[in-house]
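Each chain, written out:
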There are 2 protein chains.
Amino acid sequence: MRILVVEDDTNLNRQLSDALKESGYVVDQAFDGEEGHYLGDTEPYDAVILDIGLPVMDGITVVEKWRGNGKGMPVLMLTARDRWSDKVAGIDAGADDYVAKPFHVEEVLARVRALIRRAAGHSSSEIVCGPVRLDTKASKASVDGVQLKLTSHEFRLLSYLMHHMGQVVSRTELVEHMYDQDFDRDSNTIEVFVGRLRKKLGGGDLIETVRGLGYRMQAPTDAL
Amino acid sequence: MRILVVEDDTNLNRQLSDALKESGYVVDQAFDGEEGHYLGDTEPYDAVILDIGLPVMDGITVVEKWRGNGKGMPVLMLTARDRWSDKVAGIDAGADDYVAKPFHVEEVLARVRALIRRAAGHSSSEIVCGPVRLDTKASKASVDGVQLKLTSHEFRLLSYLMHHMGQVVSRTELVEHMYDQDFDRDSNTIEVFVGRLRKKLGGGDLIETVRGLGYRMQAPTDAL
DNA sequence: CTTCGACCACGAGAATGCGCATGAGCCGCC
DNA sequence: GGCGGCTCATGCGCATTCTCGTGGTCGAAG
């Protein structure tokens, strides 16, 4: 984890940086807004601690520039005690949190940890199997990077198969997970959907049929 | 976006609730810890404002119970001035942010905005999707730089969709976040609003309908 | 090797029901 | 009372899904 500390008070900067290093982070330091902005723009930080009152370019502007440039790393702002309007401006500019001066170093550390933890939670949920990618959150699937146009049942089927990659999945199991309750078991709907899905997924036999048992989604590293 | 305000001071509660409603949120109110806990446990809020000193059950306990129960919505705590230990306790219990009393209402609003957009994974106060811009700060939306004239429900719908860009959002989810507690679910109101919103947003099919599942706002940089 | 039975693939048509537009009534606000 | 916004009902169009029938494939047994 790499952290940038932008703070013009050299004493405070060192204090924070030391505490962070002690906690196991890699720390870069900057002492004015321009330097800080440049570093944040070019280096990949996991979090930034940013004073609001800085020489050359103030903290608000720095955040705004980063955000306008697509930089999304968590930013923790340091504000003067009673400047609540600064806090509002900072938060609206895109800061994720702030601490009012004077602060306890442990509080800053706790917040940095929280920010990093939270930022880690936003990775999109994707399952990959060979050329097939499934994004459960967006309800989208693609093969070789090409978007598939799936109906909701087709998607549910693919989803279930991909969640059980490598396993043999019986027809009844599929029925039970694709439909709410009682469903006419003697119909070949599943086969029909498997057929359609195979067609949409394309050539490589990704969905293998295990005669008498059900279907199996090919694991990516399958030595046939 | 739907928000719960838990505060026993009726005056303060109303003050906050009114300000939030003015900003386009749907607000539920609770006046003691138990009521607040129950509501937060059963209804899907996008954020909660929670006083720390409450009758029947204090704020810390409320958060702890929610978190222990898997509830992850952002919680903004209201603490008494200078009670540093309360802040720490609140954060440790699982609160996401706090404001010390007495506070400026705008500060609370700014923090709520920040919490909501952070929970959705956005870093700046403006959310952009293709030609559409949503200004969470001013509660305004524009297409190609032209201001849209939206009714409050239309705005809430657009806001929720844009906060969940790329994800499929179900009709019930939309209902739950656009209306407060009791609302007749079996009607096609949402479809009507989607229709109107589409008309106002103009040609490009920004709101995609996913048959059987819900709606999805098209992400701008669509990775095909 | 051949034959038989069970199982599976696939195409095409039929039926379902979802989503959309539209417009009428209703409510609250000015 | 007029107006703008919200809700609800109706009917249509069409994507999706289900059914059915035929033909193909596989495995085992004679």
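Reading the values: rules and limits
- Residues numbered from 1 in each chain as written.
- Chains lettered and ligands numbered in written order.
- Predicted model: local features only at pLDDT ≥ 70, side-chain atom pairs only at ≥ 80, totals over all residues.
- Heavy atoms only, no water.
- Pairing = 2+ DSSP bridges.
- Helix = DSSP H or I, 4+ residues; strand = E, 2+ residues; numbered from the N terminus.
- Contact = heavy atoms within 4.5 Å.
- Axes fitted to C-alpha atoms, helices over the stretch in contact; angles between N-to-C directions.
- Near = heavy atom within 4 Å.
- Polar contact = N/O pair within 3.5 Å; in protein donor to acceptor, adjacent residues only side chain to side chain.
- Phe/Tyr/Trp six-rings, centres within 6.5 Å; stacked < 30°, edge-to-face > 60°.
- Lys NZ or Arg CZ within 6 Å of the ring centre and 35° of its normal.

Caption draft 1: Highlighting the sheet that holds strand β9 (residues 146–147) of chain B. All names here are of chain B. Within the open sheet, the 4 strands sit side by side as β6-β7-β8-β9. Their pairing is antiparallel. Of all strands in the sheet, those with a lone pairing partner are β6 (126–129) and β9, marking the two edges. Two elements, strand β8 (residues 140–143) and β9, share 2 bridges in a ladder whose sense is antiparallel. The residue bridging V143 from the neighbouring strand is V146, located in β9. The strands touched by helix α6 (residues 152–163) are β6, β7 (132–135) and β8; relative to β7, the strand with the most contacts, the crossing angle is about 105°.

Caption draft 2: Focus on the protein's contact with DNA strand C. The environment of DNA strand C is made up of 20 residues, and the closest members are R198 and Y215 of chain A together with R198, G212 and Y215 of chain B. In DNA strand C, atoms within 4 Å of the protein come 68% from sugar and phosphate. Here a base nitrogen of DNA strand C sits 3.0 Å away from a polar atom, N or O, in the side chain of N188 of chain A. The separation between a phosphate oxygen of DNA strand C and a polar side-chain atom of Y215 of chain B is 2.6 Å. Elements represented by at least two residues in the surface near DNA strand C include exactly α8 (189–201) of chain A together with α8 (189–201) of chain B. With 5 residues, the top contributor of residues to the surface near DNA strand C is α8 of chain B.

Caption draft 3: Representation of the packing of aromatic side chains. Applying the stated criterion across every chain, the model contains 0 aromatic pairs over all chains. Here the basic side chain of R196 of chain A rests over the ring of F193 of chain A, its NZ or CZ set 5.1 Å away from the ring centre.

Caption draft 4: Region of the structure containing the sheet that holds strand β2 (residues 26–30) of chain B. Residues and elements named next belong to chain B. The 5 strands lie next to each other as β2-β1-β3-β4-β5, forming an open sheet whose pairing is parallel. In this open sheet, the two edge strands, each paired with only one partner strand, are β2 and β5 (97–100). Sheet twist, expressed as the mean angle between neighbouring strand axes with direction ignored, is 20°. As judged from the 4 bridges shared by strand β3 (residues 47–51) and strand β4 (residues 75–79), these two strands associate in the parallel manner. When the bridges of β4 are listed, L50 appears paired with M77. Sitting on the sheet, helix α2 (residues 33–42) touches β1 (2–6) and β2, and the angle it makes with β2 is about 140°.

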